[in-house]
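A closer look at the structure
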Amino acid sequence: LTAIAAAATGQTRPLRLSVPTGLAPLLAPALVTFQDRNPHLSVEVLATSQPSDIAAGVADIALRLAPTADPALVVRTIGQVGLSLYASPAYLRAHPVADPFSFAGHRLIGLHPDLGTTPAAHWINRHAGAATVVMRLSQMAELRATAASGAGLALLPCILTDGACDLIRVMPGV
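What comes next is a walk through the structure.

What counts, and where the lines are drawn
- Residues numbered from 1 in each chain as written.
- Predicted model: local features only at pLDDT ≥ 70, side-chain atom pairs only at ≥ 80, totals over all residues.
- Heavy atoms only, no water.
- Salt bridge = Lys/Arg side-chain N within 4 Å of Asp/Glu carboxyl O.
- Helix = DSSP H or I, 4+ residues; strand = E, 2+ residues; numbered from the N terminus.
- Buried < 20%, exposed > 50% of the residue type's maximum accessible area, 1.4 Å probe, protein only.
- Phe/Tyr/Trp six-rings, centres within 6.5 Å; stacked < 30°, edge-to-face > 60°.
- Pairing = 2+ DSSP bridges.
- Contact = heavy atoms within 4.5 Å.

**Side note on the pattern of salt bridges**
Summed over the entire model, instances satisfying the criterion amount to 2 salt bridges. A salt bridge links Asp166 to Arg144; its shortest N-O distance comes to 2.9 Å. With Asp166 in the loop between α6 (158-161) and β8 (168-169) and Arg144 in helix α5 (residues 140-148), the pair connects residues that are 22 residues apart, well separated along the chain. For Asp166, a relative accessible area of 28% puts it in the partly exposed group.

So this is what it looks like as structure tokens:
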């Protein structure tokens, strides 16, 4: 964040930060600290399921969960987001998971084709062949809420889900 503040010094417009949906609330404490240290900067957060086009000026900085192939972008890995399969207690009572790597007979909440390049989409495509995909969603918040409602199994970021009482981790991280 120090490098970001230095690069934005003298900037008169807000610093535009693009983040994957669902992650903005998790970044709030860091953004508060950032703004306390850099009171001259204003930050606009764009939460989206699609990668923002930095070259077109949609965002100045983007956090992405999927790799980018754009050679014009400066890319730095700042961390990893663990994924795991989750379901509601009601779904698991009705559909126990005997083998967390076999999805035969299970309902799966998948990802919308717009998210097809994400690590989660690749994992689902490789492992969930025997499951019935009951719906596909493009937003993490909606995917999480749908799983919590009992609709099926969902592959979700652990950072959004662990510790919640409405979802249970079904398998180790993937």
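**Things to note about the packing of aromatic side chains**
Tallying each qualifying case throughout the model produces 1 aromatic pair. Taking 5.9 Å as the distance between ring centres and 80° as the angle between the ring planes, the aromatic pair formed by Phe103 and Trp123 counts as edge-to-face. Of this pair, Phe103 sits in the loop between α3 (89-94) and β5 (107-111) while Trp123 sits in helix α4 (residues 119-127); the two residues are 20 residues apart in sequence, bridging distant segments of the chain. Judged by relative accessible area, which is 4%, Phe103 ranks as buried.

**As for the sheet that holds strand β3 (residues 61-62)**
Pairing in this open sheet of 3 strands is parallel, and the strands run β2-β1-β3 from one edge to the other. Each end of this open sheet is capped by a strand with a single partner; those strands are β2 (43-48) and β3. Alignment of strand β1 (residues 15-20) against β3, held across 2 bridges, turns out to be parallel. The residue of β3 that forms the bridge with Ser18 is Ala62.

**Re the environment of Leu167**
Tracing the backbone through its elements, the reader meets Leu167 in the loop between α6 and β8. Given a relative accessible area of 5%, Leu167 falls into the buried group. Not counting residues up to four positions away in its chain, the partners in contact with Leu167 are Tyr86, Ala87, Ser88, Arg144, Ala147, Ala148, Leu156 and Thr161.

**Examining the pairing of strand β4 (residues 83-87)**
Looking down a regular strand, the side chains alternate between one sheet face and the other. With respect to burial, β4 is a largely interior element, 5 of its 5 residues being buried. The alternating pattern of β4 places Leu83, Leu85 and Ala87 on one face and Ser84 and Tyr86 on the opposite face, and all of these are buried. Judged from the 4 bridges that link them, β4 and strand β7 (residues 153-157) form a sheet pairing that is antiparallel. Bridging across to β7, Ser84 finds its partner in Leu156.

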